[in-house]
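Results of the structural survey
So the chains spell out like this:
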Amino acid sequence: MPFGTASFRLAGFILWPFGQTAVERPDAGPASCVGNVIWLVFAGWWLALGHLITSIPLFLSIIGIPFGWANLKMIPVSLMPLGREIVPTDQEWGAR
């Protein structure tokens, strides 16, 4: 069940990454750490590598630069999604 919840959380963040950020939950326990290791071995590094490789061609065009930054922002969340929460940022996306 936690892997499914993390997958849907990650999918929502990938669908619209602008105006959101990932923060670590302070109440995440050792089970999140164990789950993150399992996630990293079976799915995390593939997802992170995919985001990294996808961001490179996006940076080659001016229109793709914000999407390239969004892809790079998703790498830590795709590596270890358990024990993290997606929260809205207070600033507008262009104000950063």
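You'll find the structure just up there.
Calculation notes
- Residues numbered from 1 in each chain as written.
- Predicted model: local features only at pLDDT ≥ 70, side-chain atom pairs only at ≥ 80, totals over all residues.
- Heavy atoms only, no water.
- Helix = DSSP H or I, 4+ residues; strand = E, 2+ residues; numbered from the N terminus.
- Rg over C-alpha atoms; globule rule 2.2 N^0.38 Å.
- Buried < 20%, exposed > 50% of the residue type's maximum accessible area, 1.4 Å probe, protein only.
- Phe/Tyr/Trp six-rings, centres within 6.5 Å; stacked < 30°, edge-to-face > 60°.
- Expected span 1.5 Å × (residues − 1).
- Arc of directions from axis to C-beta.
- Polar contact = N/O pair within 3.5 Å; in protein donor to acceptor, adjacent residues only side chain to side chain.
- Contact = heavy atoms within 4.5 Å.
- Axes fitted to C-alpha atoms, helices over the stretch in contact; angles between N-to-C directions.
- Parallel < 35°, antiparallel > 145°, perpendicular 65-115°, else oblique.
- Left-handed = near helix turned anticlockwise from the far one by under 90°.
- Patch = residues over 30% accessible without salt bridge, like charges linked within 9 Å, V, L, I, M, F, W, Y side chains within 5 Å.
- Areas by Shrake-Rupley, 256 points an atom, 1.4 Å probe, with all protein chains shown as cover.
- Salt bridge = Lys/Arg side-chain N within 4 Å of Asp/Glu carboxyl O.

Within the protein chain one finds 4 helices and 2 strands. For 96 residues, the compact-globule estimate of 2.2 N^0.38 gives 12 Å, and the C-alpha radius of gyration of the protein chain, at 14 Å, lies within 12% of that figure. Taken over the C-alpha atoms alone, the protein chain extends approximately 40 × 30 × 15 Å along its principal axes. Within the protein chain, the fraction of its 96 residues that count as buried is 26%.

Glancing now at the packing of aromatic side chains. Evaluation of the coordinates by the stated rule reveals 2 aromatic pairs. Ring plane angle 35° and centroid distance 4.5 Å describe the contact between W45 and W46, whose orientation is recorded as tilted. Owing to a relative accessible area of 54%, W46 belongs among the exposed residues under this scheme. Considering the side-chain rings of F59 and W69, the 5.4 Å spacing of their centres and the 85° angle between planes classify their relative orientation as edge-to-face. Within this pair, whereas F59 is found in the loop between α2 (30–58) and α3 (65–73), its partner W69 is found in helix α3, the two being separated by 10 residues in sequence. Taking relative accessible area as the criterion, F59 reaches 28% and is therefore assigned partly exposed.

For the rest of this paragraph, the subject is helix α1 (residues 2–15). Here α1 is 14 residues long and its end C-alpha atoms lie 20 Å apart, about the 20 Å a rise of 1.5 Å per residue gives. Looking only at α1, the buried set comprises A6, L10 and F13. On an axial view of α1, the arc spanned by its buried residues comes to 60°, and they lie on one face. Exposed and oriented more than 90 degrees from the buried face of α1 are F8 and L15.

A few words now on the side chain of R84. The topology assignment puts R84 in strand β2 (residues 84–88). Among the polar contacts listed, one links the side chain of R84 to the backbone oxygen of M80, at a separation of 3.1 Å. In contact with R84, other than residues within four places in its own chain, are R9, A22, V23, E24, R25, P76 and V77.

Here we come to the packing of α2 against α3. It is the contact of α2 with α3, at a shortest axis distance of 8 Å, that shows an interaxial angle of 165°. Accordingly, the angle class assigned to the pair α2 and α3 is roughly antiparallel. Two packed elements cross with a definite hand, and for α2 against α3 that hand is left-handed. For the pair formed by α2 and α3, the contact residues are H51, L52, T54, S55 and L58 on the first element and I65, F67, G68, N71 and L72 on the second.

So, about a nonpolar patch on the surface. Judged by side-chain polarity, F3, V34, V37, I38, V41 and F42 come together as a nonpolar surface patch covering roughly 570 Å² of accessible area. The dominant element in the nonpolar patch, judged by the number of residues it contributes, is α2, at 5 residues. With relative accessibility at 51%, the residue V41 sits in the exposed group.

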